[in-house]
Amino acid sequence: FVTVDLSSISETLFESELFGHKRGSFTNAYEDKTGRFVLAEKGTLFLDEIGNIPLNLQSKLLTVLQTRSVVPVGSSQEIPMDIRLISATNKNIQQMIVENQFRQDLLYRMNTIQIHIPPLRERIEDIEPLAVHFLGIYARKYGKESLTLSSDALVKLKSYFWPGNIRELQHAVEKAVILTDSDKL
């Protein structure tokens, strides 16, 4: 299982990171690098924030998905690949297609099965188990293993809108663990 946060990869490093490169193919390429597609061989490649890829790089990704092979930067040798691709975005891809910001053919190539996960504010029942999970992680991390969540805290967590979804909940719990002097949040 190989993950790639596409929003954190610069356009200049996109091909090198995903497809790999050969030593000497560009400045500072001192050794061969295996790309993420090849690293995921016979496994899963998770492309997070797929909606952040510029159009010019979408065509390169489309080519790789169509041919099921990669050519590392600085090489002429195709490397066949057998991967399961999972991608995610918080953007409206259909709207991006209408606005010519996302290639429709790339969506069709990737979109075998689509799973829509509603925002946290529409899944109130998930807030408590997530908060308890994050509390356990951060209580251990910060040496406060006896911490618990009060029923008042749960009511407040469930009534909040959570525009940042699960990441915002996670950070809120971590912040509360760091700041508390009590055994109960």
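This text goes with the structure placed above it.
Each value, and the rule that gives it
Residue numbers here run from 1 along each chain, matching the order of that chain's written sequence. With the structure being a predicted model, the display of local features is reserved for residues of pLDDT at least 70 and the display and counting of side-chain atom pairs for 80 or more, all residues being used for whole-chain, interface and lining totals. Side-chain descriptors were evaluated using all non-hydrogen atoms of the structure, hydrogens and water having been removed beforehand. Joining through side-chain atoms within 4.5 Å is the link that ties buried Ala, Val, Leu, Ile, Met, Phe, Trp, Tyr and Cys residues into a set, and such a set is a nonpolar core. Each residue gets one of three labels from its accessible area relative to the maximum for its type: buried under 20%, exposed over 50%, partly exposed in between, using a 1.4 Å probe on protein chains only. The helix and strand labels rest on DSSP assignments: H or I over at least four residues marks a helix, E over at least two residues marks a strand, and numbering proceeds from the N terminus. Whether two residues are in contact is decided by their heavy atoms, any of which lying within 4.5 Å being enough. Two strands are counted as paired when DSSP detects at least two bridges linking them. An axis is simply a line fitted to the C-alpha atoms; with a helix, the fit covers only the stretch in contact. Between two such axes, the angle follows the N-to-C directions and lies from 0 to 180 degrees. Excluding any residue in a salt bridge, patches collect residues exceeding 30% relative accessible area, merging like charges within 9 Å and nonpolar Val, Leu, Ile, Met, Phe, Trp and Tyr side chains within 5 Å. Each accessible area value is a Shrake-Rupley result obtained with a 1.4 Å probe; residue values ignore everything except the protein chains displayed when judging cover. Here, a salt bridge means any Lys or Arg side-chain nitrogen found within 4 Å of an Asp or Glu carboxyl oxygen. Each Phe, Tyr or Trp ring (for Trp, its six-membered ring) is paired with any other whose centre lies within 6.5 Å, and the angle between the two planes then decides the class: stacked below 30 degrees, edge-to-face above 60, tilted in between. Roughly parallel here means an angle under 35 degrees, roughly antiparallel means over 145, roughly perpendicular means 65 to 115, and every remaining angle is called oblique. Crossing handedness is defined as follows: a turn of the near helix away from the far one that is anticlockwise and smaller than a right angle gives a left-handed crossing, while the clockwise case is right-handed. Classification convention: Asp, Glu, Lys, Arg as charged; Ala, Val, Leu, Ile, Met, Phe, Trp, Tyr, Cys, Pro as nonpolar; all other residues, Gly among them, as polar.

Engineer: Got a minute to help me understand the nonpolar core in this structure?
Structural biologist: Side chains of nonpolar character tend, in soluble globular proteins, to be buried together. Counting residues in each nonpolar core, the largest one holds 28 residues, and the members touching the most others are L6, F37 and F102. The set of elements that each furnish at least two residues to this core consists of β1 (2–5), α1 (14–19), β4 (44–48), α3 (55–67), α4 (93–98) and α5 (104–110). In terms of residues, this core owes the most to one element, α3, which gives 5 residues. The residues contacting F37, other than those within four sequence positions of it, are L18, F19, L45, L61, V64, L65, V70, M81 and I83. A131, F134, A139 and A153 belong to the second-largest nonpolar core, a separate cluster that totals 18 residues.

Engineer: Sorry, what's going on with the sheet that holds strand β7 (residues 84–88) here?
Structural biologist: Note: strands within a sheet are paired through backbone hydrogen bonds, in either parallel or antiparallel orientation. Taken in spatial order, the 3 strands of this open sheet run β1-β4-β7, and their pairing is parallel. In this open sheet, the two edge strands, each paired with only one partner strand, are β1 and β7. Going across the sheet, the axis of each strand differs from the next one's by a mean of 15°, ignoring polarity.

Engineer: Could you clarify how one ought to interpret unusual backbone geometry in this entry?
Structural biologist: A negative phi angle characterises most non-glycine residues, just as the trans form characterises most peptide bonds. You will see that K42, though not glycine, has its phi angle at about 65°, which is positive. One can find K42 in the loop between α2 (36–39) and β4. With a phi angle near 55°, N100 is a residue other than glycine that sits in the positive phi range. With respect to the secondary-structure elements, N100 resides in the loop between α4 and α5. Residue classification places N100 among the exposed residues on the basis of a relative accessible area of 59%.

Engineer: Just checking my understanding: could you explain a nonpolar patch on the surface for this structure?
Structural biologist: The grouping of I113, I115 and I117 at the surface amounts to a nonpolar patch, some 390 Å² of accessible area in total. As for its position among the elements, I117 is in the loop between α5 and α6 (124–141).

Engineer: What is the right way to read the packing of aromatic side chains from this model?
Structural biologist: Evaluation of the coordinates by the stated rule reveals 5 aromatic pairs. Ring plane angle 85° and centroid distance 4.5 Å describe the contact between Y160 and W162, whose orientation is recorded as edge-to-face. Under the relative-accessibility criterion, Y160 is labelled partly exposed at 39%. Accessibility expressed as a relative area gives 3% for W162, which makes it buried. Every member of this aromatic cluster is reached through a ring pair, and the members are F14, F19 and F37.

Engineer: So what exactly am I meant to see when it comes to the pattern of salt bridges here?
Structural biologist: Working definition: two side chains of opposite charge can pair if their charged atoms are close together. For the coordinates displayed, the defined rule picks out 10 salt bridges. E17 is the partner of K33 in a salt bridge, and the nearest nitrogen-oxygen pair spans 3.3 Å. Residue K33 is found in strand β3 (residues 33–34), and its partner E17 is found in helix α1; the two are separated by 16 residues along the sequence. The exposure class of E17 is buried, given its relative accessible area of 17%. The partner of D82 in a salt bridge is K42, with the nearest N and O atoms 3.1 Å apart. Here the residue D82 occupies a position in the loop between β6 (79–80) and β7, and K42 occupies one in the loop between α2 and β4, the gap between them amounting to 40 residues. Salt bridges here are not isolated pairs; linked through shared partners, they connect E17, K33 and R36.

Engineer: Would you mind going over the packing of α6 against helix α7 (residues 151–159) with me for this structure?
Structural biologist: A pair of packed helices is characterised by two quantities: the angle between their axes and the separation of those axes. Packing of α6 against α7 leaves a shortest axis separation of 9 Å and a crossing angle of 130°. Judged on the interaxial angle alone, α7 and α6 are oblique. Of the two elements, α6 crosses α7, and the hand of that crossing is right-handed. Residues I124, I127, E128 and A131 of α6 touch α7, and the partners they reach there are L154, L157 and K158. Looking at the contact of α6 with α7, its residues break down into 5 nonpolar, no polar and 2 charged.

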